[in-house]
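What follows is each chain in one-letter form.
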Amino acid sequence: MNAADRRLNILQQHLTQSEYSAFSDGLSLSPTRAEPSVWSHVPQAPPDAILGITEAFKADNDSKKLNLGVGAYRTEEGKPLVLKSVKKAEQKVVNDPNANKEYLGIAGNPDFCKLSAKLAFGADSKALQEGRAATVQSLSGTGSLRVGAEFLALHYPLKLIYIPSPTWANHNKIFPLAGIQIRNYRYYKSSTRGLDFEGMCQDLSSAPVGSVVLLHACAHNPTGVDPTPEQWQGVLKVVQERRLLPFFDSAYQGFASGDLERDATAVRMFTDAGVELILSQSYAKNMGLYGERIGSLTVITSDPKTTKKVDSQLKAVIRPMYSNPPRHGAAIVTAILSDPELYSQWKVELKGMADRIITMREKLHSALKEVGAPGTWDHIISQIGMFSYTGLTKAQVQHMTKKYHIYMTMDGRISMAGLSGSSCKYLAEAMKDAVENVKA
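Re the packing of aromatic side chains
(1) Moving on: Scanning all chains against the criterion turns up eleven aromatic pairs.
(2) Moving on: Taking the centre distance of 4.8 Å and the plane angle of 90 degrees together, the rings of Y188 and Y389 count as edge-to-face. Here Y389 lies in strand β11 (residues 387-389) and Y188 lies in strand β5 (residues 188-189), a separation of 201 residues in the sequence.
(3) Moving on: Each residue in the set Y73, Y252 and F255 is aromatic and connected to the rest through ring pairs, giving one cluster.
(4) Moving on: If you follow R193 out to its NZ or CZ, it ends over the ring of W377, 5.6 Å from the centre.
(5) Moving on: The ring centre of F387 lies 3.7 Å from the NZ or CZ of R413, which sits over that ring.

Quick word on the environment of I53
(1) Moving on: Considering the arrangement of structural elements, one finds I53 in helix α3 (residues 49-59).
(2) Moving on: Linking I53 and G352, residues 299 residues apart in sequence, is a C-alpha distance of 27 Å.
(3) Moving on: Sequence-distant contacts of I53, defined by excluding residues within four places in its chain, comprise N67, G69, Y407, M408 and T409.

Focus: the packing of helix α5 (residues 110-121) against helix α13 (residues 328-338)
(1) Moving on: Contact pair α5 / α13: the axes reach a minimum separation of 9 Å and the direction vectors enclose 55 degrees. By the angle between their directions, the pair α5 and α13 is classed as oblique. The handedness of the crossing between α5 and α13 comes out as left-handed. For the pair α5 and α13, the contacting residues are D111, F112, L115, S116 and L119 in the first and A330, V333, T334, L337 and S338 in the second.
(2) Moving on: Considering only residue class, the contact of α5 with α13 consists of six nonpolar, three polar and one charged.

Considering helix α17 (residues 424-437)
The periodicity of an α-helix, 3.6 residues per turn, causes residues three or four places apart in sequence to face the same way.
(1) Moving on: Taking 1.5 Å as the rise per residue, α17 with 14 residues should run 20 Å; its terminal C-alpha atoms sit 20 Å apart, in good agreement.
(2) Moving on: Where α17 is concerned, the buried positions are C424, Y426, L427, A428, A430, M431, D433 and A434.

Here's the deal with the pattern of salt bridges
(1) Moving on: Scanning the entire structure with this criterion turns up eleven salt bridges.
(2) Moving on: One salt bridge connects D433 with K403, and the closest N-O pair in it is separated by 2.9 Å. One end of the pair, D433, is in helix α17; the other, K403, is in helix α16 (residues 394-404), and 30 residues separate them in sequence.
(3) Moving on: D433 gets classed as buried once you look at its relative accessible area, which sits at 9%.
(4) Moving on: Residue K403 is classed as partly exposed on the basis of its relative accessible area of 48%.

Looking at the pairing of strand β7 (residues 212-216)
(1) Moving on: Where burial is concerned, most of β7 is hidden: five out of the five residues are buried.
(2) Moving on: Here β7 shows no split at all, with V212, L214 and H216 on one side and V213 and L215 on the other all buried.
(3) Moving on: Note: strand β3 (residues 160-165) against β7, two bridges, orientation parallel. Residue pairing for β7: Y162 is matched across the bridge by V213.
(4) Moving on: In terms of strand pairing, β7 meets strand β8 (residues 245-250) through five bridges, oriented parallel.

Let's talk about unusual backbone geometry
(1) Moving on: For the bond from S165 to P166, the omega torsion is 5 degrees, close enough to zero to count as cis.
(2) Moving on: Here P166 shows up in the loop between β3 and α8 (171-177).
(3) Moving on: Here the bond from N221 into P222 is cis, since omega is 25 degrees, no more than 30 degrees from zero.
(4) Moving on: Tracing the chain through its elements places P222 in the loop between β7 and α10 (229-242).
(5) Moving on: Here the phi dihedral of S140 falls at roughly 60 degrees; this positive angle occurs in a residue that is not glycine.

Examining the sheet that holds strand β9 (residues 277-282)
To summarise the sheet geometry, strands pair through backbone hydrogen bonds and adopt either a parallel or an antiparallel arrangement.
(1) Moving on: Taken together, seven strands build an open sheet; the order of strands is β2-β10-β9-β8-β7-β3-β4 and the sheet is mixed. Of all the strands in the sheet, just β2 (133-138) and β4 (181-186) have a single pairing partner and so form its edges. Ignoring strand direction, the axes of neighbouring strands in this sheet form an average angle of 20 degrees.
(2) Moving on: Running over the sheet, helix α7 (residues 140-155) touches β2, β7, β8, β9 and β10 (295-300) and is turned about 155 degrees from β9.

A word on the nonpolar core
(1) Moving on: Formed by 61 residues in total, the largest nonpolar core has its most connected members in Y283, M287, W346, L364, M400, I406 and L427.
(2) Moving on: When contributions to this core are tallied by element, the ones reaching two or more residues are α4 (84-94), α5, α13, α14 (340-371), α16 and α17.
(3) Moving on: Here this core gets ten residues from one element, more than from any other, and that element is α14.
(4) Moving on: Counting 34 residues, the second largest nonpolar core, distinct from the first, contains A117, F121, V238 and Y389.

So, the environment of E198
(1) Moving on: With respect to the helices and strands, the residue E198 is situated in helix α9 (residues 197-205).
(2) Moving on: The spacing of E198 and S140 is 58 residues in sequence and 32 Å in space, taken between C-alpha atoms.

The rules we used
The numbers attached to residues start from 1 for each chain and follow its sequence in the written order. Per-residue local features of the predicted model are confined to residues with pLDDT of at least 70, and side-chain atom pairs are confined, for both listing and counting, to 80 or more; whole-chain, interface and lining totals are unaffected and use all residues. Each side-chain value is worked out from all heavy atoms of the structure, with water and hydrogens disregarded. Aromatic contacts are taken between Phe, Tyr and Trp rings whose centres are within 6.5 Å, Trp giving its six-membered ring; a plane angle under 30 degrees counts as stacked, one over 60 as edge-to-face, and the others as tilted. Numbered from the N terminus, helices here are DSSP runs of H or I no shorter than four residues, and strands are runs of E no shorter than two. By the criterion adopted, a ring carries a charge over it if an Arg CZ or a Lys NZ lies within 6 Å of its centre and within 35 degrees of its normal. The contact criterion used is simple: two residues touch if any of their non-hydrogen atoms lie within 4.5 Å. Lines fitted to C-alpha atoms define the axes here, with helix axes fitted over just the stretch in contact, and angles between the N-to-C directions of these axes take values from 0 to 180 degrees. For classification, angles of less than 35 degrees are called roughly parallel, those exceeding 145 degrees roughly antiparallel, those between 65 and 115 degrees roughly perpendicular, and all remaining angles oblique. Definitions for this section: a left-handed crossing has its near helix turned counterclockwise from the far helix by less than a right angle. A right-handed crossing has that turn clockwise. When residues are grouped by polarity, Ala, Val, Leu, Ile, Met, Phe, Trp, Tyr, Cys and Pro land in nonpolar, Asp, Glu, Lys and Arg in charged, and all others, Gly among them, in polar. Multiplying 1.5 Å by the residue count of a helix minus one yields the expected span of that helix. Throughout this description, buried means an accessible area under 20% of the type-specific maximum (1.4 Å probe, protein chains only), exposed means over 50%, and partly exposed covers the range between. Any carboxyl oxygen of Asp or Glu within 4 Å of a side-chain nitrogen of Lys or Arg constitutes a salt bridge here. In this description, strands pair whenever DSSP reports at least two bridges between them. Only buried residues count toward a nonpolar core. Its members are Ala, Val, Leu, Ile, Met, Phe, Trp, Tyr and Cys residues joined through side-chain atoms within 4.5 Å.

So far we have only geometry, and geometry alone does not tell us how the molecule works.
Printed below as a string of structure tokens:
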């Protein structure tokens, strides 16, 4: 009896005859005999749009090629950047004689959680002072959104979330996987390439009482269009009237305007108004910790007793999902946020990144005017953050990729961080050609 036969013999002893027959029909008695895999019925998943752009860019040998699809900061030379404050913090972590590689608690590094909440809500936040914030460490922004979605599915009575149209693609996947229905509210107005504030408020005003509403805290992805402080007040009024539950996604605090306080305006406005809410935070962009997968999730409640119960249930969600988060990224963030010198250095570097992106917006806007690109391009400088929604159509994007080797998402979104001073005019000329010669 060969090894395969022996394994099947043992298996047969643990199965009924009918079970064995059904199981053995799909097994080979010979390890050399080719049989279909038990996974052969699995369909091929569609490729990720962003990763597909990156792969196509890498395969392109043209010297002028541009990758404007990636959602990561690049230097003027097109290189990834590790902040000096991050390097110093990391060295501090490595040199700590008391450091170890033990498991963190389910909620993660407690100092990291406190400092993250303070960064988002402010040192003078009543919600923090009154013990109304339950914060857990997460696997960057995506992980915190997923934990938040699972928590909502388990404990929030209405399994419905309103998300802006358009929004970050992963929002459309995360919440349905947790069993939460999604509906869209109007956000971007293509005719003005700005905010559809009236449509947004109308849609949220007609939402069922108690619905969850996803809000981008700042630097809306993919449009780069944010409400003004006055418009945020209008949104807050609707939220209060309809008793909606805001779920803020904050991936760009400090990275949008270069000012940590300004970019937290909406989150603090809603919290100070006494609104219960959920906040997802990520340190991928503002500290450049993309690969460390470090973020947090905070639930603001109405009283400390409820906060403790919520905290326990967030841990109950995390435990069977990934047990506990990794140490290293949290240690880096904690070192920066707790050290006045490192914190000051980080703020300078953060403003430097934001300012470079703002400069790229200004240079591209000037270049478009210089080459005579048809239409108005003022939205390039009125939008904020890493991305700009250019207004280019899919056909125009494809034309630019084929002829000019410029890569971006098919909705016309470009990453301003992928531009340099020397490439702005080349992009402007390509955009002019596309707008003039390809039907919208």
